[in-house]
Amino acid sequence: MAKTQKNELRGKFSQDLPRKNRRSRIIAILLAFLLGDFGIHKFYLGQPLWGILYLIFAWTAIPMIIGIIEGIMYLTMSDQTFEAKYS
């Protein structure tokens, strides 16, 4: 089989398979609203440095406010945009 045919088949079937790193927008929204002051949503989305920063400032109200704002952003974001940005 020619190399281009293999790439075409791989591209055709790989779109149907779930990716290993796919993250759920709903889970990210819930984590941002419920545990946003601890940055758990940042750890979930693969941004551990931001998560650590949220943990450092967890004693203030700043991470909680930002977590709520980010939860609203995730809520209004389309699935395609969320997947392109965080998967």
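Up top is the structure.
In this report, the structure presented in the accompanying data block is examined. (Residues numbered from 1 in each chain as written. Predicted model: local features only at pLDDT ≥ 70, side-chain atom pairs only at ≥ 80, totals over all residues. Heavy atoms only, no water.)

Digging into the pattern of salt bridges
Phase 1: Per the stated rule, a full pass over the model turns up 3 salt bridges.
Phase 2: A salt bridge links Arg25 to Asp79; its shortest N-O distance comes to 2.7 Å. Separated by 54 residues along the polypeptide, Arg25 in helix α2 (residues 25-35) and Asp79 in helix α6 (residues 79-86) bring together distant segments of the chain.
Phase 3: Taking the relative accessible area as the measure of exposure, Arg25 reaches 18% and is therefore buried.
Phase 4: Where Glu70 meets Lys42, a salt bridge forms, and the shortest distance between an N and an O atom there is 3.0 Å. One end of the pair, Glu70, is in helix α5 (residues 62-76); the other, Lys42, is in helix α3 (residues 40-44), and 28 residues separate them in sequence. Taken as a pair, Glu70 and Lys42 share a single burial class, namely buried. (Salt bridge = Lys/Arg side-chain N within 4 Å of Asp/Glu carboxyl O. Helix = DSSP H or I, 4+ residues; strand = E, 2+ residues; numbered from the N terminus. Buried < 20%, exposed > 50% of the residue type's maximum accessible area, 1.4 Å probe, protein only.)

Quick look at the packing of aromatic side chains
Phase 1: In the structure shown here, the tally under the stated rule is 3 aromatic pairs.
Phase 2: Considering the side-chain rings of Tyr74 and Phe82, the 6.0 Å spacing of their centres and the 75° angle between planes classify their relative orientation as edge-to-face.
Phase 3: A residue is classified by how much of its surface remains accessible, and Phe82, at 2% relative accessible area, is buried.
Phase 4: Through successive ring pairs, a cluster of aromatic residues spans Tyr74, Phe82 and Tyr86. (Phe/Tyr/Trp six-rings, centres within 6.5 Å; stacked < 30°, edge-to-face > 60°.)

Section: the side chain of Glu70
Phase 1: Residue classification places Glu70 among the buried residues on the basis of a relative accessible area of 11%.
Phase 2: A polar atom in the side chain of Glu70 sits 2.5 Å from the side chain of His41.
Phase 3: Ignoring anything within four residues of it in the chain, the contact list for Glu70 reads His41, Lys42 and Tyr54. (Polar contact = N/O pair within 3.5 Å; in protein donor to acceptor, adjacent residues only side chain to side chain. Contact = heavy atoms within 4.5 Å.)

Section: the environment of Ser24
Phase 1: Mapped onto the elements, Ser24 comes out in the loop between α1 (3-14) and α2.
Phase 2: For Ser24, a relative accessible area of 28% gives the class partly exposed.
Phase 3: Remark: the alpha-carbon pair of Ser24 and Tyr44, spanning 20 residues in sequence, is separated by 9.5 Å.
Phase 4: Contacts of Ser24, omitting those with residues within four sequence positions, involve Tyr44 and Phe82.
Phase 5: Here the side chain of Ser24 touches Ile27 through a polar contact of 3.4 Å, landing on its backbone nitrogen.

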